[in-house]
Amino acid sequence: MIQTVRGTRDILPDDMPLWHRVEAVAREAFRRYGFREIRTPIFEKTELFARGVGEATDIVHKEMYTFTDRARVDSIQSGGESLTLRPENTASVVRAYIQHKMFADKSPGELTKLYYIGQMFRRERPQAGRYRQFYQIGVEVMGSSDDPAIEAEVIEMLDWFLKELKITNTTLLINSVGEPASRAVYLETLREAIRPKLDQLCTDCHHRFETNALRVFDCKNESCQTVIKDLPTITDSLDEASRQHFEQFKAHLDARGIAYTVNPRMVRGLDYYTRTAFEIVGHDGLGAQNTLVGGGRYDGLSETIGGPPTKGFGFAFGLDRMVMALPESEAEQLRAADAPDVFIVFLGKTARAHSFTVAQQLRAAGVAVAMEFEDRKMKKAMAAADKARASFALIIGDNEVASGTYGLKNLKTGEQESLTLDEIISKFGSVPGAVATG
Ligand code: HAM
């Protein structure tokens, strides 16, 4: 038996209503806040992520699914190019922004606000809430402005989104990782602080120390954590402009009534961040992988991948994790609502033929109709309607065919009415879930 690859999984129909709900609320948030959708390819040139996300990050160093494309037989090139399944989407969206010159016809201060939904791939150690193929929903705001009000507005949108999904028990963690120039000075301080303790750090941290010492903060290793907690933080050596930016960002959050905790050790696992970085951590139903949302500012990313100077800010959340964070009562309701409006129960051959027409007309009017094709006794047919979790059973026998009125039984209350097809259709105009058509 061939099964799914380790770290990947099927999302089964029972869970899909939860996924659809999270996606629908996200799209509604994006509509209200003026974001438009973009879809970028699932694989890109390896160089995009190597340069964009950073060679020293765990993502690029250890976790990418990279392969050499087949060489063209008629090509003079000896080998194919190196391609990578996207481990994240910010680099791709910024690439698209540059490639399609989205900056070209913009007036000063005009922003490009994009969102995306899709699969990402990282070869991490799988566990609950951590997969090798996972889904992200994210946004990117790009343009010439780095106003901290942009950041606060994006977080306000997330706040609305989480409340709408009734995910209430969360913490917003914020930090500033400064400007590249001040970071270079800080990195020296950091390396000096780490050097005498190198023998207490894991081999990955040794590599981080050599390539980008900031990445030591990404280490989850407990023994490394004891060293990390005493290291000087980036916040202590912020440049004046970044410090002011951070103060304004906090003031904008305060003005919106959004609570936060400053975590000076949160530096995020990607190299492109400048100044504001944030995460939203969930506390219910998530286990160890409880970071729901990650994001921040990335003002130099466009230049890193060959574009014009551009300011950028965005986030992505793990859709898999957001679904896990939905309260159980919400999840139950969503699953229950994912059922047919009507299950047609027919009795006899003539009624069966007639049922097909009734089903066709109901469906054309927007009613979700289930029916099975076997001619059964009433009791068995009603059991099938219950199993399908339908709201109503529509009973059609020879008498109903002759009279044109049908028995409509509410399967929750047991009440039954005798109605014409038109009456049934107008009744479903007011049933939630059924689409009213003009
Ligand atoms: P990230 O922190 O690497 O940021 O990922 C964002 C979110 O994706 C995480 O908080 C988590 O919910 C989810 N996630 C990451 N890895 C996995 C995994 N293996 N399994 C399940 N869920 C996962 C980024 O990707 C940035 N591009 C975010 C961003 C956008 N920054 C600015 N703009």
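Located above this text is the structure these notes cover.
Residues numbered from 1 in each chain as written. Predicted model: local features only at pLDDT ≥ 70, side-chain atom pairs only at ≥ 80, totals over all residues. Heavy atoms only, no water.

The secondary structure content of the chain amounts to 16 helices and 16 strands. Each of the three principal axes of the chain carries a C-alpha extent, and together these read 90 × 60 × 50 Å. Evaluated residue by residue, the chain yields a buried proportion of 48% over its 438 residues. A separation threshold of at least 6 residues defines the contact pool for the chain, and within that pool the share at least 24 residues apart is 70%. Measuring between centres, the 55 positive side-chain charges of the chain sit 3 Å from its 61 negative side-chain charges. (Helix = DSSP H or I, 4+ residues; strand = E, 2+ residues; numbered from the N terminus. Buried < 20%, exposed > 50% of the residue type's maximum accessible area, 1.4 Å probe, protein only. Contact = heavy atoms within 4.5 Å. Lys, Arg positive; Asp, Glu negative; His and termini not counted. Charge placed at Lys NZ, Arg CZ, Asp CG, Glu CD.)

Turning our attention to the packing of helix α1 (residues 16–32) against helix α12 (residues 328–337). Where α1 meets α12, the closest approach of the two axes is 8 Å, and the angle between their N-to-C directions is 110°. Relative to α12, the element α1 lies roughly perpendicular. Packed against α1, whose contacting residues are Pro17, Leu18 and Arg21, the element α12 presents Ala331, Leu334 and Arg335 at the interface. Taken together, the residues that form the contact of α1 with α12 break down as 4 nonpolar, no polar and 2 charged. (Axes fitted to C-alpha atoms, helices over the stretch in contact; angles between N-to-C directions. Parallel < 35°, antiparallel > 145°, perpendicular 65-115°, else oblique. Nonpolar A, V, L, I, M, F, W, Y, C, P; charged D, E, K, R; others polar.)

Before going further, it helps to examine the environment of Thr84. Secondary-structure assignment places Thr84 in strand β4 (residues 82–85). A polar contact is formed between the side chain of Thr84 and the side chain of Thr66, at a distance of 2.8 Å. (Polar contact = N/O pair within 3.5 Å; in protein donor to acceptor, adjacent residues only side chain to side chain.)

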